[in-house]
Amino acid sequence: IITAEFIEQFRISFLPFLLIVNAVLIIAGTLFFERLIVRMKREVLMILMILFGATTLFFATFLYGKSPIAFFSLVVFAESVFLAQFNVFIPILVGDRFSPLESQKTFPIVESADTIGGIIGGALVGILASRFAMGWFIYMWIGFLAFVIFVFVIASHITQKIPSLPQSEVKKLPITKKDQIKQIFFGIKQIPFFKSLVIIVFFQLVFMNLLEFQYTKAMEQHVTAKPEPTLSYVISKSLKADILGIDDVLKNSVKDDIPLPRVLTVQEQAVLTEKLGTFKGIFYGMAFIIQILFASRIISSLGVVGSMLLNPIIMLMSLVGMFLKFGFLSSVITKLNFEASNVVHKNAYFSSHYAFPHPIRDPAAEFLEGVVRPFGAIIGMFLVIGLQMLFAGKDLSMWIHILMFVAMGITLVETIRLQSRYTAVSRNQLFSEIPDVEKINFIEILAQRGHKDAPVIISRKFVESTQESPIVRMKLVSALGQMRDYDILPEILEALYDRDIDVR
């Protein structure tokens, strides 16, 4: 709704500025709330963010129709600083409650809530956009935020309390913001796995924002019935195709001098809002089917990194049609493919966070979600602004699509390199001095599909684990059994003579 309203007020060419401001405020909000998260309970902080966000949205409704700049400033501030932080906190909140093995099945279920919300939200916008003004949707937004608070409050009363482990022997020293930043950058430097994830998240967000701009532009052109020329123009009578815009065909068949984007009429803005909402519901509907029926099976069959590879591969294939024949249909198909494959990518990506050493796990997740993602959005939109100064029409789209190819190509290459680094960081942590519960997590990670020499790594750890606790040794034997590798039968048979009866 905000996107359509913004285009109506300021034109599609100014949309990158909205996305840049949104991303900058997300980074600022992340840096601010990171200071508070170590001082107060995460659930309480999330409730406070909802309250402040809803209050800001309520004040914004009084400015709707009176001062567009003030209205958008308050709405974007509420969404970016307060509400977008949920994308940072929820994965951490969920990750704390499951093990790596459990995450393969639970993450798709938990994340399906986001998809269901998208279906309902898109359906509401698609049905009501032409009937109600923007202000009513803001009130609906505030109402749904109130439900979130009710869920927090009710859940805190009905869920069974789990007693905390005694912490008297461990004295936690306060970590300053400066120390946390040093810790993160030291982790990027010392852990290649962390560095790969930073690159993957950054370029995927560059791609995603370029795609969002092109998709929105295609929708706007469809509503105004002013499509731009394409690189491949098909002559319907002869079914011949001229690639890369041959002058004669383009001059005779398609008007090449596209007028500058204009401000939408109220009716066009309502139609655009309706279409954006309807198709968003459709995209989320397809993503929901993939998520519920296939996501956990794909992650279990291909492994975490193998599942992450699906998104760049599918997007590189989808981009071919968008590159040659940019328009409403190709943009919708590409956007649909992205949303459907991204749910698998996102679930696998969150599961990969378990490979981080425990001291930097939460700071690393906050950095990736709250800093790297919006920074990728900023760079992507600055690229669009720069290209808009140099090109227009099909030339602008051509260069944007080339940048999308480059961004997704880098994502694919770095994801392929991620597998060996994912194995290496898990192996190093397993052989380090860490608590038993962490060792069990890394055994589960190495038992996943896709790790090269995982049976050798785990069997070696079992041979050297004579001083480990029985629960760790039992987990090692269980993982060896799941791998079904005949070369490690001697190690399994050796467990029959273990000094502990539970291991035997």
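Just so it is clear, the model here is predicted, and its values are computed rather than measured.

## Here we look at the overall build of the protein chain
- Along the protein chain, the regular secondary structure elements total 18 helices and 2 strands.
- Taking the intrachain contacts of the protein chain between residues at least 6 apart in sequence as the baseline, contacts between residues at least 24 apart amount to 79%.

## Here we look at a nonpolar patch on the surface
- Residues Phe58, Phe59, Phe62, Phe132, Trp136 and Tyr139 make up a contiguous nonpolar surface patch of about 660 Å² in total accessible area.
- Elements with a minimum of two residues in the nonpolar patch: helix 3 (42-61) and helix 7 (134-158).
- Take phenylalanine 62: it is sitting in the loop between helix 3 and helix 4 (68-83).
- Exposure remark for phenylalanine 62: the relative accessible area of 44% places this residue in the partly exposed category.

## What about helix 13 (residues 358-390)?
- For helix 13, spanning 33 residues, the distance from its first C-alpha to its last is 47 Å, which sits close to the expected 48 Å at 1.5 Å a residue.
- Along helix 13, the sharpest change in direction is near 30° and occurs at leucine 368.

## Considering helix 14 (residues 393-430)
- For helix 14, which comprises 38 residues, the first-to-last C-alpha distance of 55 Å matches the rise-based estimate of 56 Å (1.5 Å per residue) to within 8%.
- A maximum bend of about 30° is found in helix 14 at leucine 418.

## Describing the packing of aromatic side chains
- For the coordinates displayed, the defined rule picks out 31 aromatic pairs.
- Judged by centre distance (6.4 Å) and plane angle (45°), the rings of phenylalanine 144 and phenylalanine 147 are tilted. Within this pair, phenylalanine 144 and its partner phenylalanine 147 are both found in helix 7, separated by 3 residues, close to a single helical turn.
- With a relative accessible area of 46%, phenylalanine 144 lands in the partly exposed category.
- Take phenylalanine 147: its relative accessible area is 52%, and that puts it in the exposed class.
- Among the aromatic side chains, those forming a connected cluster through ring pairs are Phe6, Phe10, Tyr64, Phe71 and Phe72.
- In this arrangement the basic side chain of arginine 460 is found over the ring face of phenylalanine 431, its NZ or CZ atom lying 4.6 Å from the centre.
- Cation over ring: lysine 461 sits above phenylalanine 431, and NZ or CZ is 5.3 Å from the ring centre.

## Here we look at the environment of glutamate 491
- Inspection of the secondary structure assignment puts glutamate 491 in helix 18 (residues 489-494).
- Discounting chain neighbours no more than four positions away, the residues touching glutamate 491 are Ser459, Phe462, Val463 and Leu480.

## Quick notes on the nonpolar core
- Core analysis: the biggest nonpolar cluster contains 118 residues, and Phe193, Phe194, Phe207 and Leu368 have the highest contact counts within it.
- If you tally residues by element for this core, the top one is helix 9 (residues 192-224), at 17 residues.
- Once you skip the residues sitting within four places of it in the chain, phenylalanine 207 turns out to touch Met315, Leu319, Phe338, Met404, Ala407 and Met408.
- The next biggest cluster of nonpolar side chains, apart from the first, holds 6 residues, and it includes Ala287, Ala295, Val343 and Val344.

## Topic: the pattern of salt bridges
- This structure, assessed with the given rule, holds 15 salt bridges.
- One salt bridge connects lysine 335 with glutamate 212, and the closest N-O pair in it is separated by 2.4 Å. You can see lysine 335 sitting in helix 12 (residues 328-352) and its partner glutamate 212 sitting in helix 9, a full 123 residues away along the chain.
- Lysine 335 sits in the buried class, given a relative accessible area of 5%.
- When its relative accessible area of 25% is taken as the criterion, glutamate 212 is described as partly exposed.
- Salt bridges here are not isolated pairs; linked through shared partners, they connect Glu111, Asp114 and Lys346.

## A short note on the side chain of glutamate 228
- Inspection of the secondary structure assignment puts glutamate 228 in the loop between helix 9 and strand 1 (233-235).
- A distance of 3.0 Å separates a polar atom in the side chain of glutamate 228 from a polar atom in the side chain of glutamine 221.
- Among the polar contacts listed, one links the side chain of glutamate 228 to the side chain of serine 397, at a separation of 2.5 Å.

## A word on the confidence of the model for the protein chain
- For the protein chain, the mean per-residue pLDDT works out to 85, and 89% of the residues sit at or above 70.
- Considering only residues more than four positions removed or in separate chains, one finds that residues 167-174, a stretch of pLDDT under 50, has 0 contacts.
- Segment residues 234-259: pLDDT under 50, and 35 contacts once partners within four positions in sequence are set aside and those in other chains are kept.

## A word on the packing of helix 6 (residues 100-128) against helix 12
- The contact between helix 6 and helix 12 brings their axes to 9 Å, and the two run at 130°. Accordingly, the angle class assigned to the pair helix 6 and helix 12 is oblique. Along this stretch, helix 6 crosses helix 12, giving a crossing that reads as right-handed. Note on element contacts: helix 12 touches helix 6 through Val343, Lys346, Asn347, Phe350 and Ser351, opposite Ser103, Gln104, Phe107, Pro108, Glu111, Asp114 and Thr115.
- Across the contact of helix 6 with helix 12, the residue classes tally to 4 nonpolar, 5 polar and 3 charged.

Definitions and limits used
Residues numbered from 1 in each chain as written. Predicted model: local features only at pLDDT ≥ 70, side-chain atom pairs only at ≥ 80, totals over all residues. Heavy atoms only, no water. Helix = DSSP H or I, 4+ residues; strand = E, 2+ residues; numbered from the N terminus. Contact = heavy atoms within 4.5 Å. Patch = residues over 30% accessible without salt bridge, like charges linked within 9 Å, V, L, I, M, F, W, Y side chains within 5 Å. Areas by Shrake-Rupley, 256 points an atom, 1.4 Å probe, with all protein chains shown as cover. Salt bridge = Lys/Arg side-chain N within 4 Å of Asp/Glu carboxyl O. Buried < 20%, exposed > 50% of the residue type's maximum accessible area, 1.4 Å probe, protein only. Expected span 1.5 Å × (residues − 1). Bend = angle between axes of the 7 residues up to and from the residue. Phe/Tyr/Trp six-rings, centres within 6.5 Å; stacked < 30°, edge-to-face > 60°. Lys NZ or Arg CZ within 6 Å of the ring centre and 35° of its normal. Core = buried A, V, L, I, M, F, W, Y, C linked by side-chain atoms within 4.5 Å. Polar contact = N/O pair within 3.5 Å; in protein donor to acceptor, adjacent residues only side chain to side chain. pLDDT = per-residue confidence, 0-100. Axes fitted to C-alpha atoms, helices over the stretch in contact; angles between N-to-C directions. Parallel < 35°, antiparallel > 145°, perpendicular 65-115°, else oblique. Left-handed = near helix turned anticlockwise from the far one by under 90°. Nonpolar A, V, L, I, M, F, W, Y, C, P; charged D, E, K, R; others polar.

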